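Here are the chains, one letter per residue:
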Amino acid sequence: MNKLMAIVTTFFAASAMILGNASASAQTNVQQLALEAPDGNRITGFIYQNIKTEKDAPLAILMHGMTGSSLGWLAHDHGSYTDLITKDLIGRGYRVVALDARSHGARKDDMKPLERLKNLRSGKPEPYLAMIEGTLNDYDVLLAKVNSKFGPPKHILAAGYSMGAQMAVLFAAKHKEVTHIVTMVPPAAQSAKVVAPINHASKVHARWLLITASKDQFSSKADNDALAKAGGEKLTRVEFDSKHRLPRGYVDAVIDWIASIGPRNQTQIQ
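S.K.: Can you walk me through the packing of aromatic side chains in this structure?
M.R.: Using the criterion set out here, one finds three aromatic pairs in the structure. Aromatic pair F46 and Y48: ring centres 6.4 Å apart, planes at 80 degrees, arrangement edge-to-face. The pair F46 / Y48 is uniform in exposure class, with both members buried. Ring plane angle 65 degrees and centroid distance 6.1 Å describe the contact between Y139 and F171, whose orientation is recorded as edge-to-face. Here F171 lies in helix α5 (residues 163–174) and Y139 lies in helix α4 (residues 126–150), a separation of 32 residues in the sequence. Each member of the pair, Y139 as well as F171, carries the same accessibility label: buried. The ring of F150 has R95 sitting right over it, with the charged end atom 3.6 Å from the ring centre.

If you want it as structure tokens, here you go:
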């Protein structure tokens, strides 16, 4: 436990350095989340909000990709530009929360994420499924914690990149209170059908923005087309001519869509 808490302390010291003076000038506050899962696993992450964020503010749950961490939603030099999405959400009055997926960030363990993926592809899915399903259970704990502290938000956005997009689909399918989702290049994950997005898409009732890449190494055109079709009329799809790493322009598509959904056409916090 002492080793874990040292990792957590380092994690949030790093986040403070990343935010730097920008956080203070924007009157924002990042706080450590350290929760315990029902199986005893330690859950780490952060909650990020403006000092003007209302108690019943809309909630954004952000889910990172494989080999990443929750810090990717804060780091200004992150290759996926996800910090720009976080900044926009804060400006719109959202309360933003993010967790480290199991085996990631401050939760690294004795098996690396890519090793779990390699095992999956060689017919040994258990470590990979434990990572995905365990993390989804952690998001259940997170949502219950937020509800108990601030009250159930009327508007919940789940957003994820890559593996995080995969989990956002599964999370929204499980939680009907999720009102909107943004999924950026979700992998097809056909080797693990029980957690493949296509097998949960029809259960998603939230309005949905799906960002796909025409040359995605982890989801073919047929996979993306099938997922978009399964999403039905509630789904809006935007495709970029890129590989799995999207160009900077995708952020504008996400921000424009978030602006269009409200809630209540919120005026940005200055």
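So much for the structure itself; the text now carries on.
S.K.: Hey, could you run me through the pairing of strand β8 (residues 235–240) in this one?
M.R.: Successive side chains on a regular strand alternate, one facing one side of the sheet and the next facing the other. Where strand β7 (residues 207–213) meets β8, six bridges bridge the pair, whose relative direction is parallel. Pairing of I211 across the sheet is with V238, part of β8. With respect to chirality, the unit in which β7 leads through helix α6 (residues 221–231) into the neighbouring parallel β8 is right-handed.

S.K.: Looking at this structure, how should I read the nonpolar core?
M.R.: Soluble globular proteins: nonpolar side chains tend toward being buried together. Core analysis: the largest hydrophobic core is formed by 48 residues, its most contacted members being I61, Y128, I132, L142, F171 and W208. With ten residues, α4 is the largest single contributor of residues to this core. Those residues in contact with I132 that sit more than four places away from it in its chain are M163, Q166, M167, L170 and V195.

S.K.: Would you mind showing me how to read unusual backbone geometry here?
M.R.: Outside of glycine, negative phi angles account for most residues, and trans bonds account for most peptide bonds. In this structure, T67 takes a positive phi of about 75 degrees despite not being glycine. Topologically, T67 is positioned in the loop between β3 (59–63) and α2 (82–91). When its relative accessible area of 53% is taken as the criterion, T67 is described as exposed. Its identity is not glycine, yet S162 carries a phi of approximately 60 degrees, on the positive side.

S.K.: Honestly, helix α3 (residues 113–121) in this entry has me stumped. Any pointers?
M.R.: Considered for burial, the residues of α3 that qualify are P113, R116, L117, N119 and L120. One side of α3 carries all its buried residues, which in axial view fall inside an arc of 160 degrees. Those residues of α3 that are exposed and aimed more than 90 degrees away from the buried face are L114, K118 and R121. On the buried face of α3, the contacting elements are α4.

Thresholds applied
Residues numbered from 1 in each chain as written. Predicted model: local features only at pLDDT ≥ 70, side-chain atom pairs only at ≥ 80, totals over all residues. Heavy atoms only, no water. Phe/Tyr/Trp six-rings, centres within 6.5 Å; stacked < 30°, edge-to-face > 60°. Buried < 20%, exposed > 50% of the residue type's maximum accessible area, 1.4 Å probe, protein only. Helix = DSSP H or I, 4+ residues; strand = E, 2+ residues; numbered from the N terminus. Lys NZ or Arg CZ within 6 Å of the ring centre and 35° of its normal. Pairing = 2+ DSSP bridges. Right-handed = clockwise from strand over helix to strand, strands pointing away. Core = buried A, V, L, I, M, F, W, Y, C linked by side-chain atoms within 4.5 Å. Contact = heavy atoms within 4.5 Å. Arc of directions from axis to C-beta.

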